[in-house]
Amino acid sequence: MRAVIAGTGGYLPERSISNDELAAWKGLETSDAWIVERTGIRRRHIAAEGETASDMGAKAALAALAQAGASAEEVDAVIVATATPDSAFPSTAARIQGKLGILRGFAFDISAACTGFVYALGVADAMIRCGQARGVLVVGTEVFSRILDWSDRATCVLFGDGAGAVFLRALPEARAEGRGVLSTHLHADGRYGDILTVDGGAGSTGTCGVVRMAGREVFKHAVTKLASAVDEALAAHGLAKEQVAWLVPHQANIRIIEAMGRKLGLPMSRVVVTVDRHANTSAASIPLALAEATRDGRISHGDLVLMEGIGGGLTWGAALARF
Ligand code: UT7
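Residues numbered from 1 in each chain as written. Predicted model: local features only at pLDDT ≥ 70, side-chain atom pairs only at ≥ 80, totals over all residues. Heavy atoms only, no water.

1. A few points about the overall build of the chain
Part 1 of the reasoning: A count of helical and extended segments in the chain gives eleven helices and 13 strands.
Part 2 of the reasoning: Radius of gyration (C-alpha) of the chain: 18 Å, near the 20 Å computed for a compact globule of 323 residues.
Part 3 of the reasoning: When the backbone C-alpha atoms are referred to their principal axes, the chain occupies close to 60 × 45 × 40 Å.
Part 4 of the reasoning: A buried classification covers 57% of the 323 residues belonging to the chain. (Helix = DSSP H or I, 4+ residues; strand = E, 2+ residues; numbered from the N terminus. Rg over C-alpha atoms; globule rule 2.2 N^0.38 Å. Buried < 20%, exposed > 50% of the residue type's maximum accessible area, 1.4 Å probe, protein only.)

This is how it looks when you write it as structure tokens:
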């Protein structure tokens, strides 16, 4: 059995803020030049007051179902990757299931920060392969604007809000065609938890806390760990890097994305980049990029797509799929 990415969808909140607007904030002491040079980010979307991860995720999920030509009855499971759930429970996945009017199956959240979508894809793929589900909505949705310290220029300029989704459909014949999710390669090393963390939580401080990051350290881990995850994914199938049609990376920093493109020998025209307009949307960044590149016709039937990401935990991983 193979899990085929039958549809993709994305949602971005209406409000978009430029670097110049942030730079004009009193006391932040940043500049468009610094942010663009160090990260490639020019703008980010920010959720409206009261707009939650489940609101955005439901919109992205509906778009993915529509593109797949699937109805709510086809959904056996909703799996949501998020670090900014509406509440500790019900899960954001259960809320999205309810908002979509899905009356059967099961729903749960996954916590793997910016690697969340790759983890969720891995879990969904495994469930489809073993026959536990035939249609799975995999959603990454984040309102990082609510867990940022807006006076900390080292973090607040880096993140944005948004949601992305894919609908996975079990398709036995996809195996012979070489289509579908080929494999996912998931990793974690909890020793490095402190270099990228949220400094509070319902079960510790009783508050939601804000993002704290030792940027330079995370950067070093990102370059080496993503490179080895990508090697591992290709080696698992005896694939050469030349066979990759598209790199769809987690969107944290254009310098990390370019380093991965160079490693694979891919021109930037074969790398899907949204970080300039979306900033880092954590678990939403890969499915948002997938939605953009499948809808504008860049990624098409038969293309081999390599996804990779790293985030708090530390967690990191890679996934290979043929569309
Ligand atoms: O999605 C999860 C994974 N996350 C990542 O992959 C992020 C990885 N890290 C990064 O992308 C980069 O390390 C950052 C973009 C976070 C930072 O870039 P950097 O080139 O590593 O800068 P830095 O942290 O070494 O800071 C350089 C200087 C510092 O000043 P001094 O100490 O040299 O005087 C910072 O205080 O830049 C200063 N700085 C800023 N200046 C203007 C930090 N943030 C800002 C800012 N505006 N927003």
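2. Section: the site of the ligand
Part 1 of the reasoning: Around the ligand, 23 residues are found, and the nearest of them are Thr30, Arg38, Arg216, Asn253 and Asn280.
Part 2 of the reasoning: At a separation of 3.1 Å, an oxygen atom of the ligand approaches a polar side-chain atom of Arg255.
Part 3 of the reasoning: Separating an oxygen atom of the ligand from a side-chain N or O atom of Asn280 is a distance of 2.7 Å.
Part 4 of the reasoning: Notes on the ligand: free accessible area 960 Å², of which the protein chains cover 76%.
Part 5 of the reasoning: Of the residues forming the shell around the ligand, the biggest block, four residues, is contributed by helix 8 (residues 215-236). (Near = heavy atom within 4 Å. Polar contact = N/O pair within 3.5 Å; in protein donor to acceptor, adjacent residues only side chain to side chain. Areas by Shrake-Rupley, 256 points an atom, 1.4 Å probe, with all protein chains shown as cover.)

3. Description of helix 11 (residues 285-295)
Part 1 of the reasoning: Within helix 11, nine of the eleven residues are buried, leaving the element largely enclosed by the surrounding structure.
Part 2 of the reasoning: Within the span of helix 11, buried status applies to Ser285, Ile286, Pro287, Leu288, Ala289, Leu290, Ala291, Ala293 and Thr294.

4. A word on the domain arrangement of the chain
Part 1 of the reasoning: In terms of domains, the chain is made up of domain 1 (2-176) and domain 2 (178-322).
Part 2 of the reasoning: Note on domain 1 versus domain 2: buried area summed over both sides is about 4,000 Å², and carbon and sulfur give 63% of it.
Part 3 of the reasoning: Here domain 1 and domain 2 share two salt bridges between them.
Part 4 of the reasoning: A salt bridge links Arg212 to Asp152; its shortest N-O distance comes to 3.6 Å.
Part 5 of the reasoning: Of all the secondary structure elements, the ones that give two or more residues to the side of domain 1 that touches domain 2 are strand 1 (3-11), helix 2 (32-39), strand 3 (43-46), helix 3 (53-68), helix 5 (116-129), strand 6 (135-143), strand 7 (161-170) and helix 7 (174-177).
Part 6 of the reasoning: Ranked by residues supplied to the side of domain 1 that touches domain 2, first place goes to helix 5 with eight residues.
Part 7 of the reasoning: Looking at the side of domain 1 that touches domain 2 residue by residue, the classes come out as 28 nonpolar, 17 polar and 14 charged. (Domains from an automatic or database assignment. Buried area = accessible area lost by both parts, 1.4 Å probe. Salt bridge = Lys/Arg side-chain N within 4 Å of Asp/Glu carboxyl O. Nonpolar A, V, L, I, M, F, W, Y, C, P; charged D, E, K, R; others polar.)

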